[in-house]
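Single-letter residue listing:
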Amino acid sequence: MVVTSTPTRNTPYTVRTADGRPAMLETGHPAPEDPAAWAAEHRAFLRAAVAEHGALLVRGLGLSDAATVGAVSRELLDEVLTEREGFAVRQVLADGVYSSSEWPADQPMCMHHELSYAREVPGTLLFGCLTAPASGGVTGLADAHEVLQALDPGLVARFEREGWLLDRNYTDTVGVGLGDAFGSAGRADVEAYCAARGIEAVWQANGDLRTRQHADAVLTHPVTGRRGWFNQIVFLNEWTLDPVIREYLKFEFGDDGLPFNSRYGNGDPLDEQTVLDVNSVYERHTLREPWRAGDLLIVDNLRMAHSREPYEGDREIAVVLGDPVTRPARP
């Protein structure tokens, strides 16, 4: 079934939705000569569509480079963020514009909400497709409220009661470096950053850093009031790693030395079946639309989880994080 929104007097465009696909707006041909000016002109309409649907795919915008994505982001976002505490390496493509997280092309990136473990969370994400892959590589979306309603009530109750823990290990050889994660590699600066955000930080004898942070697993959306499953429990977890990579990392760094691992709020580990069950719920609620070069995807990060499916060929997605929301410390 396809549902079409009615254009307003301020814009000739319509937003179309279909089962299993994200809401979409097509700009038509040719693409706007100046994508940033077009975004500025239709900002209110685009933001309203995201508020209604949780995400909006703008097709035909003609994004061709990172600088253009940055210019569009400055028109659509109230504030552009510098990423801190990222879980995977990104490249800076332009001012405020990053590459997508470096992750093996043949491995999926499970559903998650960006920086859901942090105190400062991006409220809005922009994804600009500069190069579409030959196949696969979809950025899937799932509504956090619908996912919460479909999960096992006992599992939800436990995570609501306990929250969730994220353990991380920062080394010179694996994952994100201290400078990118905390804005400085200096020990005093890192300790101050962590102390201000309630992150437990322990330096190892070899100079590596181990951290633990405690966050809520369920979020009440500050605008809609809807409760949603908001975390990275199934992504930042040992069971999402390729088995060969997982065993190598455990052999090299020990059972507690993985770059990241999520746990129940009381410190108990998650079993593989629980991770599979949550991923199964995500799969049943995933919206998909293959990328085309020039596309712009606007996502309410507090409402919609996103993923990245395996792909073949070149794939270049420019990412902007914006509209920060500060979450209170968990009691």
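Keep in mind the model is a prediction, meaning the values are calculated, not measured.

What about the side chain of S307?
- Note on placement: S307 falls in strand β18 (residues 304–308).
- In this structure, S307 is in contact with M109, C110, M111, V138, T139 and G140, ignoring residues within four places of it in sequence.

As for the sheet that holds strand β10 (residues 141–143)
- With respect to topology, three strands assemble into an open sheet ordered β7-β18-β10, the strand pairing being antiparallel. Among the strands making up the open sheet, the edge pair consists of β7 (109–112) and β10. Adjacent strand axes in the sheet meet at a mean angle of 15°, parallel and antiparallel pairs treated alike.
- When β10 meets β18, the two strands line up antiparallel, connected through three bridges. If you follow L141 over to β18, its bridge partner there is H306.

Observations concerning helix α3 (residues 66–76)
- Among the residues making up α3, those that are buried are A66, T68, V69, G70, V72, S73 and L76.
- The N-cap residue of α3 is D65: its side-chain oxygen and the backbone nitrogen of A67 are 3.3 Å apart.

Quick look at the pattern of salt bridges
- Going through the model one piece at a time under the given rule, you end up with 20 salt bridges.
- Residue R227 pairs with E160 through a salt bridge whose shortest N-O separation is 2.6 Å. On the criterion of sequence distance, the pair formed by R227 in strand β15 (residues 227–229) and E160 in helix α5 (residues 153–162) is long-range, its members being 67 residues apart.
- Look at R227 and you get partly exposed, because its relative accessible area is 32%.
- The closest approach of N and O atoms between R263 and D256, which form a salt bridge, is 3.7 Å.
- A single salt-bridge network, built from bridges that share partners, covers R21, R59, E289 and D295.

Focus: a negative patch on the surface
- Among the surface-exposed residues, D152, D271, E272 and D277 lie close enough to one another that they form a single negatively charged patch.
- Relative to the helices and strands, D277 is located in helix α9 (residues 272–284).

Concerning the side chain of Q213
- Its location among the elements puts Q213 in strand β13 (residues 209–215).
- Classification of Q213 as buried rests on a relative accessible area of 5%.
- There is a polar contact of 3.3 Å between the side chain of Q213 and the backbone oxygen of Y117.
- Filtering out sequence-adjacent residues up to four positions away, Q213 remains in contact with E85, Y117, A118, W164, L165, L166, R168 and I199.

Description of the sheet that holds β13
- The strand order β12-β13-β11-β16 describes an open sheet built from four strands, whose pairing is antiparallel. In this open sheet, the two edge strands, each paired with only one partner strand, are β12 (200–203) and β16 (260–264). Taken over all neighbouring pairs, the strand axes of this sheet differ in orientation by 15° on average, direction set aside.
- Looking at chain direction, strand β11 (residues 164–170) and β16 are connected through five bridges and run antiparallel. From the neighbouring strand, W164 faces β16, where its bridge partner is Y264.

Calculation rules
- Residues numbered from 1 in each chain as written.
- Predicted model: local features only at pLDDT ≥ 70, side-chain atom pairs only at ≥ 80, totals over all residues.
- Heavy atoms only, no water.
- Helix = DSSP H or I, 4+ residues; strand = E, 2+ residues; numbered from the N terminus.
- Contact = heavy atoms within 4.5 Å.
- Pairing = 2+ DSSP bridges.
- Axes fitted to C-alpha atoms, helices over the stretch in contact; angles between N-to-C directions.
- Buried < 20%, exposed > 50% of the residue type's maximum accessible area, 1.4 Å probe, protein only.
- Polar contact = N/O pair within 3.5 Å; in protein donor to acceptor, adjacent residues only side chain to side chain.
- Salt bridge = Lys/Arg side-chain N within 4 Å of Asp/Glu carboxyl O.
- Patch = residues over 30% accessible without salt bridge, like charges linked within 9 Å, V, L, I, M, F, W, Y side chains within 5 Å.
- Areas by Shrake-Rupley, 256 points an atom, 1.4 Å probe, with all protein chains shown as cover.
- Lys, Arg positive; Asp, Glu negative; His and termini not counted.
- Charge placed at Lys NZ, Arg CZ, Asp CG, Glu CD.

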